[in-house]
Amino acid sequence: MRTQEIVVTEETLDDWWEVEMLYDLCFAPGRSALSSYRLREDVRPIAALCLVARDHDGVLAGAVRNWPVKVGGKQALLLGPIAVHPTRQGEGIAALLMLDCIGRAAALGWERIMLVGDAPYYGRFGFFRLRDVKMPPPTNPKRVLGLELVDDAWDGVTGSVLRAID
Ligand SMILES: CC(C)(COP(=O)(O)OP(=O)(O)OC[C@H]1O[C@@H](n2cnc3c(N)ncnc32)[C@H](O)[C@@H]1OP(=O)(O)O)[C@@H](O)C(=O)NCCC(=O)NCCS
């Protein structure tokens, strides 16, 4: 772990294109065709929960953004995209970003987080499968995961995930 030298800060306007380039590098071409992007269209990300991780030289090592969504009439955070530069993967930088992001979201009063990802990775942060929450197709239902920031926050919160402005 070399995360001691990594500083996590809120993303600024000046960071935007650098983060976009990191996402282009880390995700397969056509990432914006993913179903989660439909939920982000015309919706602003939550600025306080868009974070960049830079090394001591200021080089971008990782980034995460968050959008609001609605599920069953309740607000939820849609966490992601999260990515770490290929030369810095395996150092705990995504874990640093995840834990920082979860802590900030809780401090801001968010009650529940969801994401589309691999349970073996996100399980370590407390994410579990949301069997009754439906992402727009095509999404593998096994990859729809949630985290509760207050007790039982996902209990009874079911149905299709909608854009925050729908
Ligand atoms: C997924 C990603 C963000 C992880 O970043 P990272 O900084 O390397 O992650 P960490 O250092 O915190 O954790 C590394 C550990 O997670 C494991 N891991 C990483 N991706 C995993 C996955 N998809 N499924 C299971 N385990 C995974 C690694 O094997 C490693 O395991 P270890 O702790 O036993 O050695 C990074 O690999 C990445 O940017 N990937 C491309 C973009 C992407 O897929 N983003 C996530 C979309 S849901």
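Residues numbered from 1 in each chain as written. Predicted model: local features only at pLDDT ≥ 70, side-chain atom pairs only at ≥ 80, totals over all residues.

As annotated by UniProt and renumbered to match this structure, "domain: N-acetyltransferase" (unreviewed entry) occupies residues 6–150. Secondary structure across residues 6–150 divides into 23% helix and 31% strand, with the first and last C-alpha atoms of the span separated by 29 Å. (UniProt positions renumbered as here; feature names shortened; annotations may be inferred. Helix = DSSP H or I, 4+ residues; strand = E, 2+ residues; numbered from the N terminus.)

A few words on the environment of D15. Considering the arrangement of structural elements, one finds D15 in the loop between strand 1 (7–10) and helix 1 (16–26). Considered as a pair, D15 and L115 are 100 residues apart in the sequence and their alpha carbons are 23 Å apart.

Around the ligand sit 17 residues, and of these V84, Q89, A94, A95 and G117 come closest. When contributions to the shell around the ligand are tallied by element, the ones reaching two or more residues are strand 4 (74–84), helix 3 (93–107) and helix 4 (119–122). The element that contributes the greatest number of residues to the shell around the ligand is strand 4, accounting for four residues. Among the residues forming the shell around the ligand, the class breakdown is ten nonpolar, five polar and two charged. (Near = placed C-beta within 6 Å. Nonpolar A, V, L, I, M, F, W, Y, C, P; charged D, E, K, R; others polar.)

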